[in-house]
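Structural overview for review
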Amino acid sequence: MIEVRELVKEYNTKKGKVIGVDNVSLTIQKGEIYGIVGYSGAGKSSLIRCLNLLEKPTTGRVLIDGIDLTTLNNKELRQARLKVGMIFQHFHLISSKTVFENVAFALKAASKSKHEISHRVDELLEMVGLSDKKEVFPSQLSGGQKQRVGIARALANEPSVLLCDEATSALDPSTTKSILTLLKKINHELGLTIVLITHEMEVVKEICDRLAVMQDGRVVEEGPVYDIFADPTQPLTKSFINTVLQFDLPEHLINNRKGTIIKIHFKGEIAEESVVSDVLQQYKVKGNILHGKIEYIKEKPLGIFMMEVSGDEEEVQKAIEYIKRRTQQLEVIQYVN
Ligand SMILES: Nc1ncnc2c1ncn2[C@@H]1O[C@H](COP(=O)(O)OP(=O)(O)OP(=O)(O)O)[C@@H](O)[C@H]1O
Ligand SMILES: [Mg+2]
C-alpha cells in the first residue's frame, strides 16, 4: 500500500519558487492499478517521482507498505527503492549495453551473484516476451520492445510497486495495447501495485482501477474509474472523459428537430435493461435515437443515448418522467413548444 500524506514539492528556481505538488494526500491499495491524469505541468511527474524519493518532498510523507520513506537514511533508502520499479516514456536504456546487460545492471546494483543474475535475466526476458533479443542493442529494437526491456529491468529486484511515467505515450495504439496487456498480466500474476501517469483516457479506461485527476499540483478529483466516468464532477475531468466518450451532437442536427431531445445516461445494470423499448410500448410517443454508445469500463457498461421524443405533449412529459425514474440521469437538451 502507498500512502501519500500532505505532500508538497516546491522547486527553487532562479525565478523563485515553483510548485510541483500542492498538498496531495492519496492512498493506493496493494495490487491496484492507479491512474493519474492531468494536462502538462499539472504535477504528475513531480508526484510520482516523490513516491520513490527520486524527488525529495519539500514537506509531507510517503509511506510504502507502512515505511515512511522520508525518514530513511541513504542506505535504508537505497534498500527501500529496490522495492519500487519505474518505467519511463523514453525508456532510459543504456545504448552501449545489450538487452541482457541493461536488465542485469539493475541486479548488479542489488549485489546479486553472476549465476543469480543470468538466471533472473532469462526469467525476466521470458516474462516480457524478449528471450530472443538477449544479445541485441537497444537501437535494434522497436519502441514497444524497448519498453519491454524497461519493464524487465524495473521488475528485476521483485518490487512491490511499479511506477509508470507516460510509459505508452511514445508508442502507437496497437503497441500501447500490447504493453498495457503486459502490465495487466504483471499486475495479476505478481500482485504488483502499479501507478500509471497518462494523458490518454483510453489507457485509464483499459487498465486502471482508480483514478486521480491533477490540476495545478492538486488532486481535483479521485475515485474508482467507473464512478468517475459515470459521474465526473469537475470540468477538467469532464473534458478528459469527453476525449473517450464524446456525446454532443452537431448543433445543426439538434436545431432541425421537431421533438424534445433528451440525453440519457445508463449506468450499471440499467444499461442492459430495455428502458427505451419499454417507454415506447407504454406511452403514445415516437422515439428516434439520434446517437448512442455503450462503453465497457472495467467490464461494467456505461451507456449514453440521445433521443428525440415526439407526440402529444402530455404523453411526452410522462415518457420523460418514466425514463428519468428508471435511469436517474436524464438531461433535456431541447424542448418543443
Ligand atoms: N526540476 C524542476 N525544476 C523546476 N521546476 C520544475 C521541475 N520539475 C517540474 N517543475 C515544475 O513543476 C510543475 C509540475 O511539473 P511536472 O513535470 O510534475 O508536470 P507533469 O504533469 O508531469 O507535466 P507533463 O505532462 O508535461 O509531463 C511545472 O510547473 C514544472 O515547470
Ligand atoms: Mg511529466
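Not measured: the values here are computed from a predicted model.

What counts and what doesn't
Residues numbered from 1 in each chain as written. Chains lettered and ligands numbered in written order. Predicted model: local features only at pLDDT ≥ 70, side-chain atom pairs only at ≥ 80, totals over all residues. Heavy atoms only, no water. Near = heavy atom within 4 Å. Polar contact = N/O pair within 3.5 Å; in protein donor to acceptor, adjacent residues only side chain to side chain. Areas by Shrake-Rupley, 256 points an atom, 1.4 Å probe, with all protein chains shown as cover. Helix = DSSP H or I, 4+ residues; strand = E, 2+ residues; numbered from the N terminus. Buried < 20%, exposed > 50% of the residue type's maximum accessible area, 1.4 Å probe, protein only. Contact = heavy atoms within 4.5 Å. Domains from an automatic or database assignment. Buried area = accessible area lost by both parts, 1.4 Å probe. Salt bridge = Lys/Arg side-chain N within 4 Å of Asp/Glu carboxyl O. Nonpolar A, V, L, I, M, F, W, Y, C, P; charged D, E, K, R; others polar.

Considerations on the site of ligand 1
In the neighbourhood of ligand 1, 13 residues make up the surrounding shell, with S40, G41, K44, S45 and S46 lying closest. Separating an oxygen atom of ligand 1 from a side-chain N or O atom of K44 is a distance of 2.8 Å. In this structure, an oxygen atom belonging to ligand 1 sits 2.6 Å away from a side-chain N or O atom of S46. Against a free-state accessible area of 630 Å², the protein chains account for coverage of 60% of ligand 1. Elements with a minimum of two residues in the shell around ligand 1: β1 (2-13), β2 (16-28) and α1 (44-51).

Notes on helix α3 (residues 99-108)
Along an α-helix, residues three or four apart share an orientation, since each turn contains 3.6 residues. In terms of residue burial, α3 counts as a mostly covered element, since 7 of its 10 residues are buried. Inspection of α3 places V99, F100, N102, V103, A104, A106 and L107 among the buried residues, and these make up the whole buried set. Against α4 (114-127) and α5 (143-155) lie the buried residues of α3.

Focus: the domain arrangement of the chain
Split by domain assignment, the chain resolves into domain 1 (2-242) and domain 2 (251-334). Taken together, the 9 residues of domain 1 in the interface contact 11 residues of domain 2. Summed over both partners, the interface of domain 1 with domain 2 comes to about 840 Å²; 52% of that surface belongs to carbon and sulfur atoms. Our count for the contact surface shared by domain 1 and domain 2 stands at 2 salt bridges. Its salt-bridge partner being K267, residue D231 comes within 2.7 Å of it at the nearest N-O pair. The interface formed by domain 1 and domain 2 includes 4 residue pairs in polar contact (both at pLDDT 80 or more). Those elements giving two or more residues to the side of domain 1 that touches domain 2 turn out to be α7 (201-207) and α8 (225-230). Residue contributions to the side of domain 1 that touches domain 2 peak at 4 residues, all from α8. Along the lines of polarity and charge, the residues of the side of domain 1 that touches domain 2 split into 6 nonpolar, no polar and 3 charged.

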